[in-house]
Amino acid sequence: MPGNSIYPRGTTYRGVGDRVAGILLDVPTRRRWWIAFLVSGALFLVLPSMIVHLFVEGVGVWGVNIPVNWGLAIVNVVWWIGIGHAGTFISAMLLLLGQEWRNSLNRFAEAMTIFAVICAAMYPILHLGRPQFFYWMLPYPTPFQVWPQFRSPLFWDVMAISTYFTVSLLFWYVGLIPDLASVRDKAKSRFWRVFLGLAALGWRGSAMHWVRWRRAYVILAALAMPLVVSVHSGVSLLFAAGPVPGWHTTIYPPYFVMGALFSGFAVVGMIAVVLRAWFKLYDLVTPRHLDLLAKFMLAIGLMTLYGYLFEALTAWYSGHEFEVDTLHDRLFGPFATIYWGAVLLNFAPIQLLWRRRWRTRPVVLFLVCLSVTVGMWLERYMLIISGLFRDYLPSSWDTYSAPWTEWLLFLGTIGFFLFAFVLFIRFLPMVAISEVKEVLFEERPARRPAPEPAPRAAEPTNREPARDGLYGVLACYDRADDLVLAARRAVAGGFTRLDCHTPFPVDDLTEVLRLRERRLPWMVAGAGAFGLVFALGLLWYIDVAYLPTPVGGLPLAAWTAYGLPAFEFTVLLAALTAVIGMLALNRLPRLHHPLFEVEEFDRATQDGFFLVLLADDPQFDPARARDFLEQLDPAPALVREVPA
């Protein structure tokens, strides 16, 4: 596989760790980082200033009116949520499909998702006028005996965004845990060791830990993927469920999802190009990564163009007077400039991506991505305002012009996004260290030792096992293949209690040590089933038995209206169970462990592969264990007793 290698020849495990950890610990571009910190911080300060202005003057500072009662606020909600979609798609979907090139992009793409969703969630909360009461939108028992309207797309949106944010945050953090431990073991200052040690929860790369970690990681990815579809589909139903010209169409859910991925991939592309040049990550974010990212952008862009064409075709073919008038307003009327500007910015530059020479040029890719990001914002503005400004009653027709307050608030959210990202790249690893190392291991041909007879078990001894005050005997290897061979011989030699510690998951160890994890999937399935039954039961009880409320002529027991919120609650409970269950089964957090007292054990998260014969083995004897390890071929780099 070397010919198809994602990373340059000569890339090493320790080199990857040093490259990423050095950005945190040494700050090679300290002056540039401070400039970015100050500029983004200045933009961020616009946000609290506008929030204070909003609350002092009142919500009347928004430029909305009748009939345009949705303005920049909802435009920016849809735009920010769309940007957040690509992070989950890159990380979750490509993980499930086994696409290893994602490993250099997924970490900062996931961070982008979290910050973008926060920016989106700000607008509905601020638009309430009294944001301290935002929890009234959630279903909880209150003395007021007032419940949210569970059949409303507005409530669906609250559930979708809150669940999407929570699951994305959990997915991001679970992937971060091994890398936080890797940087922890490189740090020299007390601040970094304490900060990263607490954040890593005592991770030490045990083979069983890796099995449960990977199971939880894949489960979270499988749970997150439907959210990519459901969140923006739920947002689209805010539009499609209402009888507004230009909105009332069934194409909106897939149309919105494709548009969200399109804008999200554009922002990921810009971030990848900037970070690659800023920190010289040419060996981690390679031309092949840029090429694949551009191909995805081109494919999703063409799907979005298909949505444009069929949206116009549907309106024209319907023959409905108001639908045709809205289409005319977009193509030739007052919104023609915005509409055609969106078309040109979104679909003209991506035609460059048909050729590889342009796909792999960072400057070209950045400019194409920037064009798409601006074009998708214009599209959201056009879709929302053009559908509202001409109501069914001519007496209600009015135009919309966003005041300076809304523009500055939008600028403030951009400042928050940039400021949060600058802090992220300073204090957390921006590339998935352990996942990149795993790719390097899988790309290299394993050293296949010649077949040999199974090693003879060590001779039994009449001495009482000297286990008092001893955790076990440790051996370190420089190669994963040597560790697998040593573990296989230890099992054949009669040792029943042993563990391995590696910088990344090694699949062969799962087979050798016969590690299985069957409890976690059952725990997640049980939590999800309970969440589904509980959510459907609660929604039915409130809307049918406790507070009957007919909506839209639907029967009171129209359970299909509860599908989306029940699904979101099911996913939320299952995701929380996956993370908490993984940590509980791994007995984490554990901030101290006997192995941490061994100075050389820092290599377990870098480039060392450790075999530990545990002292709680009934047949354990320190001398026998030490002799066994020292006589193995290939010989370990070191053998050491580990005090308890």
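These figures come from a predicted structure and were not determined experimentally.

Inspection of the entire model under this criterion finds 58 aromatic pairs. For the pair Phe 115 and Phe 421, a centre-to-centre distance of 6.1 Å together with 80° between the ring planes defines the contact as edge-to-face. Of the two residues, Phe 115 is situated in helix H4 (residues 106-127) and Phe 421 in helix H14 (residues 404-427); the sequence distance between them amounts to 306 residues. Overall, the relative accessible area of 11% leaves Phe 115 in the buried class.

Bringing the environment of Leu 365 into the picture now. Mapped onto the fold, Leu 365 is located in helix H13 (residues 362-388). Look at Leu 365 and you get buried, because its relative accessible area is 0%. Spatially, the C-alpha atom of Leu 365 lies 30 Å from that of Ile 385, the residues being 20 residues apart in sequence. Beyond its immediate stretch of four places on either side in the chain, Leu 365 contacts Val 273, Leu 290, Ala 294, Leu 353, Trp 358 and Arg 359.

Okay, helix H10 (residues 321-331) next. Residues of H10 that are buried: Glu 323, Thr 326, Leu 327, Asp 329, Arg 330 and Leu 331. Looking at the buried residues of H10, the elements they touch are helix H8 (252-278), helix H9 (287-318), helix H11 (336-347) and H13.

A large share of strand E3 (residues 609-614) lies buried, amounting to six of its six residues. Residue alternation in E3 divides its side chains into two sets, Phe 609, Leu 611 and Leu 613 and Phe 610, Val 612 and Leu 614, and both sets are buried. Here strand E1 (residues 470-477) runs beside E3; their pairing, made up of six bridges, is antiparallel. Residue pairing across strands places Cys 476 opposite Phe 610, the latter belonging to E3. Pairing analysis gives four bridges linking strand E2 (residues 498-501) to E3, with the strands arranged antiparallel. Note on E3: the bridge partner recorded for Leu 498 is Leu 613.

Cut-offs and rules
- Residues numbered from 1 in each chain as written.
- Predicted model: local features only at pLDDT ≥ 70, side-chain atom pairs only at ≥ 80, totals over all residues.
- Heavy atoms only, no water.
- Phe/Tyr/Trp six-rings, centres within 6.5 Å; stacked < 30°, edge-to-face > 60°.
- Helix = DSSP H or I, 4+ residues; strand = E, 2+ residues; numbered from the N terminus.
- Buried < 20%, exposed > 50% of the residue type's maximum accessible area, 1.4 Å probe, protein only.
- Contact = heavy atoms within 4.5 Å.
- Pairing = 2+ DSSP bridges.

Structural measurements only, silent on function.
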